Amino acid sequence: MPERRTVALVTLGCARNEVDSEELAGRLEADGWQLVEDAADADVAVVNTCGFVEAAKKDSVDALLEANDLKDHGRTQAVVAVGCMAERYGKELAEALPEADGVLGFDDYADISDRLQTILSGGIHAAHTPRDRRKLLPISPAERQETAASVALPGHGPVDLPEGVAPASGPRAPLRRRLDGSPVASVKLASGCDRRCSFCAIPSFRGSFISRRPSDVLNETRWLAEQGVREVMLVSENNTSYGKDLGDIRLLESLLPELAEVDGIERVRVSYLQPAEMRPGLIDVLTSTPKVVPYFDLSFQHSAPGVLRAMRRFGDTDRFLELLDTIRSKAPEAGVRSNFIVGFPRRDRVRPGRTGALPERRPARRHRRLRLLRRGGHGSGDVRRQAGRGRRRRAPGPHLPAGRGNSSRSARRSAWARPCGSWWSPWTRRKASAAARPTRRRRPMARCGSRAARA
């Protein structure tokens, strides 16, 4: 009997990537692959990359290079890149990083087993040419559900597994295989985004906004509860838009109580909420429904009106303060999380380094400020948010000490990059001979399903 093929999944980036990795794991296991935790024990190491900010891209390249190093002394025979960075850059990434034996986009997910087998057998799967995925679905949200079946949407695939894998009775398991035993799991509520923030390229490679049907979300939550999950986190690029393509923009308000009633689920948490789309009914449900956590992940980004308009966003300090006061009046202990960008260009009479009056008038115990760098070739405008490690600030005290990261490691990574003024400038390796390359400290390869970006 031939030995089973083995594969390890290394996940970087956000919770949506974690869900995508578990979908890939479900597809691979259903097709006979054996999932292993350590990449050194796998025939194929699959790295689910992040392509949003500079630090995440560097981590993705690091992970691919480290996986490639395993070929010299481990079982690993092939290294494959998937995820947002692979989708966003496709052929360009494959040409710039030959250590990756394959670069697969979202369109390859449904056939992931065949793709990996081809690569493992020494074949070549041509990387895709990047395209704007916003054009794959109709402009009108009301028409998207009818055409969704013809578009690759990670997390929106068939909910039935092949015979013998799904339970014989009860809710059919989603096409998903858990990669850890954590009591907390993410559930994808929707994919894509219809907003056009000038600092964000996510819609160009994640596509237009499209919701999952409530029945699919509920069935997946029931299945997760059977696997021992006690808290679910609803994730998407913009949860406040949920249901607009299903004919009910208030669908989230009716779905949350149903999720809270699922047997075994003790807490339901909602992630990214767009401040400009918040509505009184949603606030009421989030603050008054048992088992639903009064947690508001509100990405303000800035509060000066001129800067927000340059970002192609809406709101101002007074409106944001009114929103926060409304939340506090209904749930004084509610948690609020937010991000702010500093250094955004075209600041209208806003002092450099300031994020508007909101952080000063409502000081948080801790918030994150993101440094923005101007780069060319951006898909959504002429600027790109480059967070790096960000600058964490405790209000109202001073900034935390700089240089808390491993500066020597950062220097080594920078030595592998060459500035070229293009999309690839922070991440392309210098084309130097092996002898001229600086010595890179080896770290243990991340385990299957781990959040390697946290390392």
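Residues numbered from 1 in each chain as written. Predicted model: local features only at pLDDT ≥ 70, side-chain atom pairs only at ≥ 80, totals over all residues. Heavy atoms only, no water.

Caption draft 1: Quick look at the side chain of S303. Position of S303 relative to the elements: it lies in the loop between β11 (295-297) and α11 (305-310). Here T317 takes part through its side chain, which lies 3.1 Å from a polar atom of the side chain of S303. (Helix = DSSP H or I, 4+ residues; strand = E, 2+ residues; numbered from the N terminus. Polar contact = N/O pair within 3.5 Å; in protein donor to acceptor, adjacent residues only side chain to side chain.)

Caption draft 2: Structural detail: the sheet that holds strand β3 (residues 44-49). With parallel pairing, 5 strands are arranged side by side in an open sheet as β2-β1-β3-β4-β5. The open sheet has two edge strands, β2 (34-35) and β5 (102-103), and neither has a second partner. Pairing between strand β4 (residues 78-83) and β5: 2 bridges, direction parallel. Each bridged residue has a counterpart across the sheet, and for V80 the counterpart in β5 is G102. Packed onto the sheet, helix α1 (residues 15-30) meets β1 (6-11), β2, β3 and β4 and runs at close to 170 degrees relative to β1. (Pairing = 2+ DSSP bridges. Contact = heavy atoms within 4.5 Å. Axes fitted to C-alpha atoms, helices over the stretch in contact; angles between N-to-C directions.)

Caption draft 3: Up close: the pairing of β3. In terms of burial, β3 is largely enclosed, as 6 of its 6 residues are buried. Two elements, β3 and β4, share 6 bridges in a ladder whose sense is parallel. Looking across to β4, one finds that N48 is bridged to V82. This β-α-β element, β3 to helix α2 (residues 54-69) to β4, shows right-handed connectivity. (Buried < 20%, exposed > 50% of the residue type's maximum accessible area, 1.4 Å probe, protein only. Right-handed = clockwise from strand over helix to strand, strands pointing away.)

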